[in-house]
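Descriptive structure summary
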Amino acid sequence: MKISIVTATYNSGVSLRDTLESVLSQTYDDYEHIIVDGGSTDNTLDILREYEPRYKGRLKWHSEPDRGIYDAMNKGIIRATGELVGLLNSDDFYTSDDVLASIAESYKSGDAVYGDVCYVHPNDLKKMVRRYSSASFSRWKMRLGFMPAHPSFYCRRSVYMRLGMFDLRFKIAADFEQLLRLIFVNHIKTKYIPKTFVTMRTGGASTSGLSSHRQIYHDHMMAYKVNGVYSNCMLESMRYMCKICERIRDKIAL
């Protein structure tokens, strides 16, 4: 089974090598890696040219202006030729060399699989800041703003073609709207794999500051509205209470 990995880049020279090395280290080799670059002006394209021979034909990339990361991801999904499609950000990397193998082994039927992710300090990739476990996710929790760890979500390309990709009206939480549409509204069949798929650096658009949380809240409310899903500010606020408890738990564990 072929797996398509889509990575959006824009001036990603600082972190891109870690991403590429983690893909090349995978023990499962029936994959393609699609890089959608937004017109980088740093050394991103030089790095892609350097790594291209090592992929032995499994790396596909192009560079052109886009309308942001979700637009780039949509372009990558459209270009994908694998049965399953996953997204790997250019400042993230696979946590171990058997991630794709675990996905391929666990995926027998259904529409999508997902696992866990962990966050590390950007200046110390061995220093874990927190974990995002999808183990307790249930469909009904999407009314509270919960979703599976999106960087660990691998879905049939045919599902995207049938039910739609990312809605570019959403600035930060287009991933939540997409999963709400796929899982909550259309009841696609998913399976949880108890494994950490991806290691993420902290400091991304959805993890930085009060303004980003305000935008996430706005996007979530809009996602409920456009998909005809009932929720409200009280239900949504419960997610933050749960996250505070998770942060305390993680600090104690560390």
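Overview of the structure. Please read these numbers as outputs of a predicted model, since none were measured by experiment.

Located in the positive-phi region is lysine 56, a residue other than glycine, with phi close to 55 degrees. Here lysine 56 lies in the loop between helix H2 (44-55) and strand S3 (59-63). Relative accessible area serves as the criterion here: at 73%, lysine 56 is assigned to the exposed category. Phi angles above zero are rare outside glycine, and histidine 187 is one such case at about 55 degrees. Structurally, the position occupied by histidine 187 is in the loop between helix H6 (174-185) and strand S9 (190-201).

Right, let's talk about the packing of aromatic side chains for a bit. A complete count under the given rule lists 5 aromatic pairs for this structure. When the centroid spacing of 5.2 Å and the interplanar angle of 35 degrees are considered together, the rings of tyrosine 70 and phenylalanine 166 count as tilted. Here the residue tyrosine 70 occupies a position in helix H3 (residues 69-79), and phenylalanine 166 occupies one in the loop between helix H5 (157-163) and H6, the gap between them amounting to 96 residues. Per residue, the accessibility class of tyrosine 70 equals that of phenylalanine 166, and both read buried. Ring-pair connections join several aromatic residues into one group, and the members of that group are Tyr114, Phe137 and Tyr192. The cationic tip of arginine 130 hangs over the ring face of tyrosine 119; the distance from NZ or CZ to the ring centre is 4.1 Å.

What the rule picks out here adds up to 12 salt bridges. Residue glutamate 32 is joined to lysine 2 by a salt bridge in which the shortest nitrogen-to-oxygen separation is 3.5 Å. Of the two residues, glutamate 32 is situated in strand S2 (residues 31-37) and lysine 2 in the segment before strand S1 (3-9); the sequence distance between them amounts to 30 residues. Residue arginine 54 is joined to glutamate 21 by a salt bridge in which the shortest nitrogen-to-oxygen separation is 2.9 Å. Highlighted residues: arginine 54 in helix H2 and glutamate 21 in helix H1 (residues 16-24), separated in sequence by 33 residues. Note on arginine 54: relative accessible area 43%, which makes it partly exposed. A relative accessible area of 32% means that glutamate 21 is categorised as partly exposed. Overlapping salt bridges, with partners in common, bring together Lys2, Glu32 and Lys60 in one network.

Right, let's get into the pairing of strand S4 (residues 84-87). Of the two faces of S4, the one lined by Leu84 and Gly86 and the one lined by Val85 and Leu87 are each fully buried. Looking at chain direction, S1 and S4 are connected through 4 bridges and run parallel. Across the sheet, residue isoleucine 3 finds its bridge partner in S4, namely leucine 84.

This next bit is on the environment of glutamate 52. Looking at the secondary structure, you find glutamate 52 in helix H2. Separated by 169 residues in sequence, glutamate 52 and methionine 221 have C-alpha atoms that sit 42 Å apart. Leaving out residues up to four positions away in the same chain, glutamate 52 has contacts with Leu59 and Trp61.

With that out of the way, let us pick up the pairing of strand S6 (residues 112-121). Of all 10 residues that make up S6, 9 are buried, and the element is covered over most of its length. Judged from the 2 bridges that link them, S6 and strand S8 (residues 154-156) form a sheet pairing that is antiparallel. Residue pairing across strands places valine 113 opposite tyrosine 154, the latter belonging to S8. As judged from the 8 bridges shared by S6 and S9, these two strands associate in the parallel manner. Following the sheet pairing, alanine 112 is matched in S9 by threonine 190. Note that S6 and strand S7 (residues 124-132) share 5 bridges and pair antiparallel. Residue pairing for S7: valine 117 is matched across the bridge by tyrosine 132. As consecutive antiparallel partners, S6 and S7 are separated by 2 residues.

Calculation criteria
Residues numbered from 1 in each chain as written. Predicted model: local features only at pLDDT ≥ 70, side-chain atom pairs only at ≥ 80, totals over all residues. Heavy atoms only, no water. Helix = DSSP H or I, 4+ residues; strand = E, 2+ residues; numbered from the N terminus. Buried < 20%, exposed > 50% of the residue type's maximum accessible area, 1.4 Å probe, protein only. Phe/Tyr/Trp six-rings, centres within 6.5 Å; stacked < 30°, edge-to-face > 60°. Lys NZ or Arg CZ within 6 Å of the ring centre and 35° of its normal. Salt bridge = Lys/Arg side-chain N within 4 Å of Asp/Glu carboxyl O. Pairing = 2+ DSSP bridges. Contact = heavy atoms within 4.5 Å.

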